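Next come the chains, spelled out residue by residue.
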Amino acid sequence: MRWLSLILSAGVALGLFYFLNFPHDVLPPLGKFLNPYAGFWQNNAASDKIPSVLDVRGLKDSVMVLWDDRRVPHIFARNDYDLYFAQGYLTACDRLWQMEFQIFATAGRLSEIVGKQALDYDRFLRRIGMVYAAENSLKEMLTHPETRTILEAYTAGVNGYIHSLSSKNLPLEYKILDYKPEAWTPLKSALLVKYMAWSLTSYNIKDLFITRALAALGEAETARLYPRYPPFTDPIIPPGTPWNFHPQIPEKPKSDFQPATRAMPNSIEFTPHLGSNNWAVSGEKTSSGYPILCNDPHLVLNLPSIWYEIQLVSPQVNVYGVSLPGVPFVITGFNSEVAWGLTNAETDVIDWYEIEFKDDTKLEYLYDDKWRPTTVRIEKIKVRGERTVLDTVYYTHHGPVVYQKTEAPFDKWIPPGSAMRWTGHDPSNESLTFLKLNRARDYDDYFEALSHYDCPGQNFAFASTEGDIAIWHNGKFPLRWQGQGRYINDGRNSTYDWQGWIPRAQLPHIKNPNRGFVSSANQYPTDENYPYYLTGSYLPFERGARINERLAKMENITPQDMIALQNDVMDLHARKILPVLLSLLDIQSLTQDEIQSYEELKSWNYEYRAELIAPTIFEYWWKELSNMIWLDDMKSPLGELQIPLRDVTTSLILTEPNSHYFDIRTTPDKETLSDLAIKSFQSAIKKLTEELGSLDYNWEWGKARGTDMNHLGRIPGLGRTGLPTNGSECTVNMKHPLFVGPSWRMVVALGEEVKAWGIYPGGQSGNPGSQFYDNAVDDWVAGKIYELLYLKSPHDKHELLAGKTVMWGEK
């Protein structure tokens, strides 16, 4: 069994049992861990048994739960309070450790579990104000009567399960790490919302790097190498869409701000993008005459999975989809009349402001020629086995000064001496959006639900049985003048503050376009005629263009066609650039091994399939070529610059084949693009041979790259690694190297009777000893997808139903 790999010592003598009940760094007390009555032996598949009855204190009435053969709960309650109480209780049954561990990580409390090794990480989370952000949101959530009631019910449900636990049936990770769960609170649910908000907005922090590039290259060359509007973009909103409104454009300051010039950290690398796909096709293009909506969010792949599949039914709602463990509602899903799916907007909502303190006390800072008081927040960081650490964070009206000028940041993207302005710090109630989406019946309901959504910005795709399809680039986006937010701002000058928000009605959107579909894949939302200034880390063109290319040609579309499109592995980057690169090679100068690789590429159809060798060769070649083109040009007195993204490099090769960037400055010769193509190809084949041996099955894409699903706590033996997956970061079936990919695939065919399919890489249970811990992983790798049971009544019969539980409220 899987848990056998967790035995830390097979020869523990019985006489040492009590001695071993003392912690040893981060290892579990082995006596507790190996105790046959309460230790890890109890975390076996017996937990998979479906109880016929659960007596649960706190319910107002009985709740019926039908379980399908994948352990998905279909909850039927007579009132909303009991519905969300049951959601909290059952989610905690399967995912309690995951829920709480994510809270400790988000709140900067990991040191309480693993000791001082997490102290720098915890300090960073405190410095960026994650708890502060959650506190502000929680105030809004509790102000609204419906979200307050639901949040309190969910919290009571989670605590109902926690109170039922004994040492014997604690989740395995508590035993390994030797701690116990705390009571759940509404603040913890708010923290999980902020965890997602930070995850989906923080990689837009490029201000420090772009400021460095501006100082080293000047404005024109910075704009050329790091363009705001990426090359080849096929935007979310079709080009030429008219914008029938009068924009509110803020005035740009008369003089440009020059941040303090100082050396900045080297070796800054872009973090992997957490992208996604969604699209909806009109009934005019489907075989049924009704719309079909599809969604596959691309997130970090962990075990347990980030999602928990569920159906929620009461007299007010019947919704199916996936939830975020620790938060009520369905996040992406459908009901009988509408479906919706999300992708990350990528629009930047974090700006940095250089702060001038009056003196070393940091109690005042300069703003519009006056000294303004800071707000001081003392963070108490408890450390396991050590004394509590006190850390002082200084807040300006912009936000917290995350690191002082003399400090080395935990995250190299953070500009020292600057305050962070983040929409995630503002009061908001995103839960109200999902409450309303879960109950939506038409486009007007969807539109109203989106008005409550602030951060993180998302592209909300929509479809309804009435025949409407739509997409909104939605969130709380600041009004900026041209260029604002690309560089570090002047925190002394109020004209650099955000001047308000883009009006909701003027955000990029389209309803029922003539082309018959809407889609997004994290690309720039509009063409360059949109009047407001948007900036961010928009992804290159490939996925969005491929989705649009396929959908434009399709007619009489079926759900099976959409499932196939989600598994599409055509790489438009390779298709665009590889023929040009191959034409530059001098075949006569190649060795026999290099010619063999050349032939693999020449016969390749540009699909990234696990069994193919050509994708591996191309990836190695492209990396070598990109480095040869750029590394010598990325040196500056202020530190290394970042290599431009692949779409910029591709554009340079296709449109400027005689560019000076193709000359390697560190050599006496003047290299050409052809020279670099040959040298990089030969270097790539040499590296491949050194790392993987001679060209054979070890060069296959699925083996050479693979995909890892690590355990959330990085506990060895509890993940799945080296999975032979199809796809690349440029394909619709997106797999970023190693650990990012489709975290949930969903296809919803609306109609008189809604039908849907879905899968995520993992399983419903968070117990590594359960058969439902990772039961869907292999099917996910193979591109399979499951029928989703959308039940209407607790009395429904279906061959895929596996059992029933009645939850009774204790008197």
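This structure is a prediction, so every number in the text was calculated from the model and none was measured.

### Examining the sheet that holds strand S23 (residues 707–711)
The pairing of strands in a sheet happens through backbone hydrogen bonds and is either parallel or antiparallel.
At step 1: The three strands lie next to each other as S6-S23-S24, forming an open sheet whose pairing is mixed. A single partner strand is all that each edge strand has here, and the edge strands are strand S6 (302–303) and strand S24 (720–723).
At step 2: Bridge analysis of S6 against S23 gives two bridges, and the strand direction is parallel. By the bridge assignment, Leu-303 is partnered in S23 with His-711.

### Observations concerning the pattern of salt bridges
At step 1: If you walk through the whole model with that rule in mind, you get 47 salt bridges.
At step 2: Ionic pairing is found between Arg-126 and Glu-379, a salt bridge with its closest N-O pair at 3.1 Å. Taken together, the positions of Arg-126 in helix H4 (residues 119–127) and Glu-379 in strand S14 (residues 375–381) put the pair 253 residues apart, joining distant regions of the chain. The same class applies to Arg-126 as to Glu-379, namely buried.
At step 3: In this structure, Glu-135 engages Arg-377 in a salt bridge whose closest nitrogen and oxygen atoms are separated by 3.3 Å. With Glu-135 in helix H5 (residues 130–143) and Arg-377 in strand S14, this residue pair connects regions lying 242 residues apart in the sequence.

### Let's talk about the sheet that holds strand S29 (residues 801–809)
At step 1: Taken in spatial order, the eleven strands line up as S1-S29-S2-S3-S7-S8-S9-S10-S18-S19-S21 in an open sheet, and their pairing is mixed. At either end of the open sheet lies a strand with only one pairing partner, and these are strand S1 (53–56) and strand S21 (509–511). Put simply, the sheet's adjacent strands are angled 20° from each other on average, direction ignored.
At step 2: As judged from the three bridges shared by strand S3 (residues 73–77) and strand S7 (residues 308–314), these two strands associate in the parallel manner. Each bridged residue has a counterpart across the sheet, and for Phe-76 the counterpart in S7 is Val-313.
At step 3: Relative to strand S19 (residues 469–474), helix H12 (residues 443–450) is tilted by about 5°, and along the sheet it contacts strand S18 (458–464), S19 and S21.

### Some points on the packing of helix H16 (residues 592–602) against helix H17 (residues 614–630)
At step 1: Two elements in contact, H16 and H17, have axes whose closest approach is 9 Å; the angle formed by their N-to-C orientations is 110°. On the basis of the axis angle, H16 is roughly perpendicular to H17. Facing H16, whose interface residues are Ser-597, Glu-600 and Leu-601, H17 presents Ala-614, Ile-617, Phe-618 and Trp-621.
At step 2: Each residue belonging to the contact of H16 with H17 can be placed in one class, and the counts come to five nonpolar, one polar and one charged.

### Some words on a nonpolar patch on the surface
At step 1: Taken together, the side chains of Leu-363, Val-376, Ile-378 and Leu-390 make up a nonpolar region of the molecular surface, amounting to roughly 360 Å² of accessible area.
At step 2: Locating Leu-390 in the fold gives a position in strand S15 (residues 389–395).
At step 3: When its relative accessible area of 58% is taken as the criterion, Leu-390 is described as exposed.

### Focus on unusual backbone geometry
Note: most residues except glycine have negative phi, and most peptide bonds are trans.
At step 1: Note that the residue after Leu-303, namely Pro-304, is joined by a cis bond; omega there is -5°.
At step 2: One non-glycine residue, Asp-368, lies in the positive phi region at around 50°.
At step 3: Classification of Asp-368 by relative accessible area gives partly exposed; the value is 35%.
At step 4: For Asn-522, which is not glycine, the phi torsion reads 70° and is therefore positive.
At step 5: With respect to the secondary-structure elements, Asn-522 resides in the loop between strand S22 (517–520) and helix H13 (542–553).
At step 6: Classification of Asn-522 as buried rests on a relative accessible area of 0%.

### Regarding the domain arrangement of the protein
At step 1: Along its sequence, the protein is carved into domain 1 (27–199) and domain 2 (572–606 + 611–704).
At step 2: For domain 1 and domain 2, the distance between their C-alpha centroids amounts to 48 Å.

### Structural notes on the nonpolar core
At step 1: Core analysis: the largest hydrophobic core is formed by 219 residues, its most contacted members being Phe-334, Trp-422, Met-562, Leu-601 and Met-807.
At step 2: For this core, the element with the highest residue contribution is helix H2 (residues 80–106), accounting for 14 residues.
At step 3: Each of two domains, domain 1 (27–199) and domain 2 (572–606 + 611–704), supplies a minimum of three residues to this core.
At step 4: Ile-355, Tyr-394, Tyr-496 and Trp-498 belong to the second-largest nonpolar core, a separate cluster that totals twelve residues.

### Remarks on the side chain of Arg-705
At step 1: In this fold, Arg-705 is placed in the loop between helix H20 (701–704) and S23.
At step 2: Within the buried core, Arg-705 has no salt-bridge partner, and the shortest N-O distance to an opposite charge, that of Glu-619, equals 7.6 Å.
At step 3: Engagement of the side chain of Arg-705 in a polar contact is seen with the backbone oxygen of Gly-727, the distance being 3.1 Å.

### Structural notes on the pairing of S18
At step 1: Burial runs high along S18: seven of the seven residues are buried.
At step 2: Of the two faces of S18, the one lined by Gln-458, Phe-460, Phe-462 and Ser-464 and the one lined by Asn-459, Ala-461 and Ala-463 are each fully buried.
At step 3: Relative to S18, strand S10 (residues 338–344) runs antiparallel, the two sharing seven bridges. Paired with Thr-343 across the bridge in S18 is Asn-459.
At step 4: Between S18 and S19, which follow one another and run antiparallel, lie four residues, and Gly-467 among them has a positive phi close to 105°.

### So, the packing of helix H11 (residues 430–438) against H12
At step 1: Where H11 contacts H12, the axes come no closer than 8 Å and their chain directions differ by 170°. The orientation of H11 with respect to H12, classified from their angle, is roughly antiparallel. Across from Thr-433, Lys-436 and Leu-437 in H11, the residues of H12 making contact are Tyr-446, Glu-448, Ala-449 and Leu-450.
At step 2: Partitioned by chemical class, the residues of the contact of H11 with H12 number four nonpolar, one polar and two charged.

### Comments concerning the packing of aromatic side chains
At step 1: Evaluation of the coordinates by the stated rule reveals 40 aromatic pairs.
At step 2: Ring geometry for Phe-124 and Trp-198: centres 6.4 Å apart, planes at 65°, overall edge-to-face. In this pair, Phe-124 is assigned in helix H4 and Trp-198 in helix H8 (residues 186–201), connecting sequence segments 74 residues apart.
At step 3: Accessibility expressed as a relative area gives 5% for Phe-124, which makes it buried.

### Section: the confidence of the model for the protein
At step 1: Across the protein, pLDDT averages 91, with 92% of residues at or above 70.
At step 2: Predicted confidence is poor over residues 1–26, with pLDDT under 50, and the contacts of this stretch with residues over four places away or in other chains come to 46 contacts.
At step 3: Scored below 50 in pLDDT, residues 267–272 makes 19 contacts in the model with residues more than four places away or belonging to other chains.

### Remarks on H17
The periodicity of an α-helix, 3.6 residues per turn, causes residues three or four positions apart to be oriented the same way.
At step 1: The end-to-end C-alpha separation of H17 is 24 Å, in line with the 24 Å expected for 17 residues at 1.5 Å each.
At step 2: Across the 17 residues that make up H17, a large majority, twelve, are buried.
At step 3: For H17, the set of buried residues is Ala-614, Pro-615, Thr-616, Ile-617, Phe-618, Trp-621, Trp-622, Glu-624, Leu-625, Ser-626, Ile-629 and Trp-630.
At step 4: Structurally, H17 contributes buried residues whose contacts are with helix H10 (219–225), helix H15 (572–584), H16, helix H18 (646–655), helix H19 (673–692) and H20.

### A word on the side chain of Ser-743
At step 1: Along the chain, the position of Ser-743 falls in the loop between strand S25 (740–742) and strand S26 (745–749).
At step 2: Setting aside residues up to four positions removed in sequence, Ser-743 forms contacts with Pro-297, His-298, Leu-299, Leu-301, Ile-306, Trp-307, Tyr-760 and Pro-761.

### Considerations on the environment of Tyr-496
At step 1: Relative to the helices and strands, Tyr-496 resides in the loop between strand S20 (489–490) and S21.
At step 2: Here the alpha-carbon distance between Tyr-496 and Glu-599, two residues 103 residues apart in the chain, equals 56 Å.
At step 3: Setting aside residues up to four positions removed in sequence, Tyr-496 forms contacts with Pro-253, Ser-255, Asp-256, Phe-257, Tyr-353, Trp-481, Gln-484, Asn-489 and Asp-490.

### Describing the pairing of S15
At step 1: Relative to S15, S14 runs antiparallel, the two being bridged by seven bridges. Looking at S15, one finds that Lys-380 is bridged to Leu-390.
At step 2: In terms of strand pairing, S15 meets strand S16 (residues 400–401) through two bridges, oriented antiparallel. Looking at S16, one finds that Tyr-395 is bridged to Pro-400.
At step 3: Two successive antiparallel strands, S15 and S16, enclose a turn made up of four residues, where Gly-399 displays a positive phi of approximately 150°.

About the thresholds
Residues numbered from 1 in each chain as written. Predicted model: local features only at pLDDT ≥ 70, side-chain atom pairs only at ≥ 80, totals over all residues. Heavy atoms only, no water. Pairing = 2+ DSSP bridges. Helix = DSSP H or I, 4+ residues; strand = E, 2+ residues; numbered from the N terminus. Salt bridge = Lys/Arg side-chain N within 4 Å of Asp/Glu carboxyl O. Buried < 20%, exposed > 50% of the residue type's maximum accessible area, 1.4 Å probe, protein only. Axes fitted to C-alpha atoms, helices over the stretch in contact; angles between N-to-C directions. Contact = heavy atoms within 4.5 Å. Parallel < 35°, antiparallel > 145°, perpendicular 65-115°, else oblique. Nonpolar A, V, L, I, M, F, W, Y, C, P; charged D, E, K, R; others polar. Patch = residues over 30% accessible without salt bridge, like charges linked within 9 Å, V, L, I, M, F, W, Y side chains within 5 Å. Areas by Shrake-Rupley, 256 points an atom, 1.4 Å probe, with all protein chains shown as cover. Domains from an automatic or database assignment. Core = buried A, V, L, I, M, F, W, Y, C linked by side-chain atoms within 4.5 Å. Lys, Arg positive; Asp, Glu negative; His and termini not counted. Polar contact = N/O pair within 3.5 Å; in protein donor to acceptor, adjacent residues only side chain to side chain. Phe/Tyr/Trp six-rings, centres within 6.5 Å; stacked < 30°, edge-to-face > 60°. pLDDT = per-residue confidence, 0-100. Expected span 1.5 Å × (residues − 1).

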